[in-house]
Amino acid sequence: MPQTAQNQQKMDAAKAALAHIKPMLENNSIVGVGTGSTVNYFIDELASVKHLFRAAVSSSDESTQRLQDHGISVMDLNEVNELEFYVDGADESNTHLQLIKGGGAALTREKIVAAVARKFVCIVDESKLVGVLGGFALPVEVIPMARSYVARKLAGLGGMPEYRAGVVTDNGNHILDVHNLKILNPLDLEKTINNIVGVVSNGLFASRAADILIVGGTNGVTVKKPN
């Protein structure tokens, strides 16, 4: 897909997400905001209604900076009991709205913020829709000293782990991208990988899948719910 067309689809999805949540914003609302290129469009749109809500909670330093550049207050998640919404992108989504995330290395914080939110709104362009997860390499955040050990365990699961050289997460950890996985049971694999000693979290969002998926496509925006 040409980059300009894909960017337009991302922008369309971001605008639709804002239209979805705007009627429910209140003065005390706190909006959870994810990370990535599609979310950047959402943050830019969110700035237009910053007077309608109290603050945001962000899943990355990058998104925090972008929000603050727009004059949007950013709160620490520890100061918040609950989020009405969490809006984030994905690298892949299946029909159950189970996701692969982590292309931007923010998967752990994204997973934490999603867990606190009542509603997880995922925004993507149509290229992210797949029948079976795994075409996009699965990111796994690991404690640095455990990287080689975890890589051997991931290889034992049938994957081909690759160290994302030069990348350090906002938590100070490393990323292993696991190729060659055909993920037929995302729930089980998410739990199995999380149980490997040294793993902080992995990019499968199956136990906390999206509640709705807003897709920017060639023929406009569609809204999907889990099958």
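Not measured: the values here are computed from a predicted model.

A. Quick peek at the overall build of the chain. A count of helical and extended segments in the chain gives 6 helices and 13 strands. Here the C-alpha radius of gyration of the chain, 17 Å, is about what a compact globule of 227 residues would show, namely 17 Å. By principal-axis analysis of the C-alpha atoms, the chain measures approximately 50 × 40 × 30 Å. Looking at the chain as a whole, 52% of its 227 residues qualify as buried. Pairs at least 24 residues apart make up 74% of the contacts formed inside the chain by residues separated by at least 6 positions. Accessible surface, the chain: about 10200 Å² in total, of which carbon and sulfur atoms supply 49%.

B. View of helix α3 (residues 61-69). All buried positions along α3 are accounted for by Ser-63, Thr-64 and Leu-67. All buried residues of α3 fall inside an arc of 105° around its axis, so they share one side. Looking at the packing, one finds that the buried side of α3 touches β1 (30-33), α2 (37-46) and β2 (55-58). Phi for Gly-71, located one or two positions after α3, is positive at around 80°.

Parameters and conventions
The residue numbers shown here count from 1 along each chain, following its written sequence. With pLDDT at 70 or above as the cut-off, local features in this predicted model cover only qualifying residues; side-chain atom pairs require 80 or more to be listed or tallied, and sums for whole chains, interfaces and linings still use all residues. Side-chain measures were taken over the full set of non-hydrogen atoms in the model, leaving aside hydrogen atoms and water. In this text, helices come from DSSP runs of H or I with a minimum length of four residues, and strands from runs of E with a minimum of two, each type numbered from the N-terminal end. Radius of gyration means the value over C-alpha atoms here, while the globule rule gives 2.2 Å times the residue count to the 0.38 power. Relative accessibility decides the category of a residue: with a 1.4 Å probe and only protein chains considered, values under 20% of the type maximum give buried, values over 50% give exposed, and everything between is partly exposed. Contact criterion: two residues are considered in contact whenever any of their non-hydrogen atoms come within 4.5 Å of each other. For every accessible area listed, the method is Shrake-Rupley and the probe measures 1.4 Å; residues are considered covered only by the protein chains on display. Note that the arc is defined by the directions from the helix axis to the C-beta atoms.

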